[in-house]
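# Descriptive structure summary
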Amino acid sequence: MTAPARPRRSDATRAAILRAARERFAADGYERATIRAIAADARIDPSMVMRYYGSKEGLFAAAAEFDLRLPDLTAVPPAQLGEALIRHFLARWEGDETLVALLRAASTNPGAAERMRGIFADQLAAAVATFDTEARTTGRRAGLVASQILGLAFTRYIVRLPPMVDAAPEDLVSWIGPTLQRYLTGRPED
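Basis of the calculations
- Residues numbered from 1 in each chain as written.
- Predicted model: local features only at pLDDT ≥ 70, side-chain atom pairs only at ≥ 80, totals over all residues.
- Heavy atoms only, no water.
- Helix = DSSP H or I, 4+ residues; strand = E, 2+ residues; numbered from the N terminus.
- Expected span 1.5 Å × (residues − 1).
- Polar contact = N/O pair within 3.5 Å; in protein donor to acceptor, adjacent residues only side chain to side chain.
- Contact = heavy atoms within 4.5 Å.
- Core = buried A, V, L, I, M, F, W, Y, C linked by side-chain atoms within 4.5 Å.
- Buried < 20%, exposed > 50% of the residue type's maximum accessible area, 1.4 Å probe, protein only.
- Phe/Tyr/Trp six-rings, centres within 6.5 Å; stacked < 30°, edge-to-face > 60°.
- Salt bridge = Lys/Arg side-chain N within 4 Å of Asp/Glu carboxyl O.
- Patch = residues over 30% accessible without salt bridge, like charges linked within 9 Å, V, L, I, M, F, W, Y side chains within 5 Å.
- Areas by Shrake-Rupley, 256 points an atom, 1.4 Å probe, with all protein chains shown as cover.

To continue, consider helix 8 (residues 138-158). One turn of the α-helix equals 3.6 residues, which is why residues spaced by three or four share an orientation. Between its first and last C-alpha atoms helix 8 spans 28 Å; for 21 residues at 1.5 Å apiece the expected length is 30 Å, and the two agree. A positive phi of about 60° marks Arg160, the residue just after helix 8.

Put into structure tokens, the structure is as follows:
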């Protein structure tokens, strides 16, 4: 009988680096977070961070793995798609600072912007495609939804515009849900 394989030290080191990086990027943003601070938080030498991730941008891209965990839109009544999506996004942002850190970095860093595009293009477009009857409009609809969601996230979580920060989630659902609904199921002339 063979003994179970012990976890490699490198796996534990990588996990510690990613954990520290996620916390540091969320707290300080991409620009102010440093490799030295992340390494100190992980209790390792900064050279180890560079060894595993190559650069700050590489570390951020690895740390910013983000699953939107979109609901199964086929299970949502068609007239409630916009409301379901805005509720979902508000819940995700209220409980997880990773997307906030990625959005903050995406405004100034091309690698982070590419990561953000990938997240929304892959995950949101796939969700929209599950109910959209016109495949030619799927990308446009997903892009419009993303513009609204990212605009809300930017004003509420990055800029912290008081009317947006002070708005109760239910108020945001009431205002933004119908807009998302139009993007998802409406026509340009609506």
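And the narrative resumes.
The topology assignment puts Arg92 in helix 5 (residues 81-95). Within polar-contact distance, the side chain of Arg92 engages the backbone oxygen of Asp67 at 2.8 Å. Apart from residues no more than four positions distant in its own chain, Arg92 is found in contact with Phe66, Asp67, Leu68 and Arg69.

Attention now moves to the nonpolar core. Within the largest apolar cluster, 61 residues are counted, with the highest numbers of intra-cluster contacts made by Phe25, Leu59, Phe60 and Phe120. Examining the composition of this core, we find that nine residues originate from one element, helix 7 (residues 110-129), more than from any other. With sequence-adjacent residues up to four places away left out, Phe120 is seen in contact with Leu68, Phe89, Leu99, Ala125, Ala146, Ile149 and Leu150.

This brings us to unusual backbone geometry. Of note, Arg69 is a non-glycine position whose phi angle comes to about 50°, a positive value. In this structure, Arg69 sits in the loop between helix 4 (56-63) and helix 5. Notably, Arg160 is not glycine yet its phi reads approximately 60°, a positive angle. Tracing the sequence through the fold places Arg160 in the loop between helix 8 and helix 9 (162-166).

Another aspect to go through is the packing of aromatic side chains. Geometry of an aromatic ring pair is reported as the spacing of the ring centres plus the angle between the planes. Taken as a whole and assessed by the stated rule, the structure comprises four aromatic pairs. Ring geometry for Trp93 against Tyr157: centres 6.0 Å apart, planes inclined by 35°, an arrangement best described as tilted. Taken together, the residues span a long stretch of sequence, with Trp93 in helix 5 and Tyr157 in helix 8 at a distance of 64 residues. A relative accessible area of 3% places Trp93 in the buried class. With relative accessibility at 12%, the residue Tyr157 sits in the buried group.

Moving on to the pattern of salt bridges. In this structure the tally under the stated criterion is six salt bridges. Notably, a salt bridge pairs Arg87 with Glu83, separated by 3.1 Å at the nearest N-O pair. Here Glu83 and Arg87 lie together in helix 5, a separation of four residues that amounts to about one turn. By relative accessible area, Arg87 is classed as partly exposed at 33%. Judged by relative accessible area, which is 35%, Glu83 ranks as partly exposed. Close ionic contact of Glu114 with Arg117 constitutes a salt bridge, the shortest N to O distance being 2.8 Å. Of the two residues, Glu114 and Arg117 both sit in helix 7, three residues apart, roughly one turn of that helix.

Let us look at a nonpolar patch on the surface. On the surface, a nonpolar cluster with roughly 230 Å² of combined accessible area is contributed by Phe154, Val159 and Leu161. A residue is classified by how much of its surface remains accessible, and Val159, at 46% relative accessible area, is partly exposed.

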